[in-house]
Amino acid sequence: MKIEVKNLLNQSEGTSETHPLALANLDLKDTGMANVSGNITLTKLDDFILTQITGQATLTQPCSRCLEEVPLTIPLSFSREFKTEILKQVQDDPPTQGLRRASQEDENAYPIVDGEIDLTAPVTEEIIANIPVKVLCKDDCKGLCPKCGANLNDNPCQCDKVNYEIRNRINL
């Protein structure tokens, strides 16, 4: 999602704008797709624009034990800086083709390109960083049978029944 900020860049320091944030089917790379809703507040500060994003992302992830899809809602509340990208000529570093960011501080900011900011990367990064490491469909999920792959939450598989009968015969 791109937002034009040309007018805001020409305003005085402290000027703010609020826009609705709606991203449908945001590609989270290898993690799936998400729908994002909320608000974004843009504030002009000195030589950059501060974005404050609040809202939520909804997506599904597989259960770590049984692989069933689990709906997740991830709250979003974060800020990012956007700056007009300033590149400087570097004389002594041939591998960089002569261009490098002007300072280390600029490396922490996202670029403003042609008077627009693109929220896709910061929103995607924030969602991925907040997805739980272990997603469970329920706390007592039984998972999959290691032999036949049956979902043990639905019904006990035949592997369990055979093992149970063999154990009972041995113990008699």
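Keep in mind the model is a prediction, meaning the values are calculated, not measured. (Residues numbered from 1 in each chain as written. Predicted model: local features only at pLDDT ≥ 70, side-chain atom pairs only at ≥ 80, totals over all residues. Heavy atoms only, no water.)

### Describing the overall build of the protein
Step number 1: Looking only at helices and strands, the protein has three helices and nine strands in total.
Step number 2: In the protein, the order of α-helices and β-strands from amino to carboxyl end is β-α-β-β-β-β-β-β-β-β-α-α.
Step number 3: Per-residue burial for the protein yields a buried fraction of 31% across its 172 residues.
Step number 4: When contacts within the protein are restricted to residue pairs at least 6 apart in sequence, those whose partners lie at least 24 apart make up 53%.
Step number 5: Here the protein displays about 11,100 Å² of accessible surface, and carbon together with sulfur accounts for 48% of that area. (Helix = DSSP H or I, 4+ residues; strand = E, 2+ residues; numbered from the N terminus. Buried < 20%, exposed > 50% of the residue type's maximum accessible area, 1.4 Å probe, protein only. Contact = heavy atoms within 4.5 Å. Areas by Shrake-Rupley, 256 points an atom, 1.4 Å probe, with all protein chains shown as cover.)

### What about the nonpolar core?
Step number 1: The biggest cluster of nonpolar side chains holds 32 residues, and the ones touching the most others in it are Val36, Leu42, Leu59, Ile117, Leu119, Val123 and Ile127.
Step number 2: Per-element tally for this core: the top contributor is strand β5 (residues 69-84), with six residues.
Step number 3: Setting aside residues no more than four positions away along its own chain, Ile127 makes contact with Leu26, Leu28, Ala34, Val36, Ala57, Leu59, Ile74 and Leu76. (Core = buried A, V, L, I, M, F, W, Y, C linked by side-chain atoms within 4.5 Å.)

### So, the pattern of salt bridges
Step number 1: Under the counting rule described, the total for this entry stands at two salt bridges.
Step number 2: Close ionic contact of Asp47 with Lys83 constitutes a salt bridge, the shortest N to O distance being 3.8 Å. Highlighted residues: Asp47 in the loop between β3 (33-45) and β4 (48-62) and Lys83 in strand β5, separated in sequence by 36 residues.
Step number 3: Under the relative-accessibility criterion, Asp47 is labelled partly exposed at 47%.
Step number 4: Given a relative accessible area of 6%, Lys83 falls into the buried group.
Step number 5: A salt bridge links Arg80 to Glu126; the nearest nitrogen and oxygen atoms lie 2.7 Å apart. Placement of Arg80 in strand β5 and of Glu126 in helix α2 (residues 120-130) is noted, with a sequence separation of 46 residues between them. (Salt bridge = Lys/Arg side-chain N within 4 Å of Asp/Glu carboxyl O.)

### Some words on the pairing of β4
Step number 1: Looking at chain direction, β3 and β4 are connected through 12 bridges and run antiparallel. Bridging across to β4, Leu45 finds its partner in Phe48.
Step number 2: In this antiparallel pair of consecutive strands, β3 and β4, the connection spans two residues, and Asp46 shows a positive phi of 35°.
Step number 3: Strand direction decides the pairing type here: β4 and β5, joined by 15 bridges, are antiparallel. (Pairing = 2+ DSSP bridges.)

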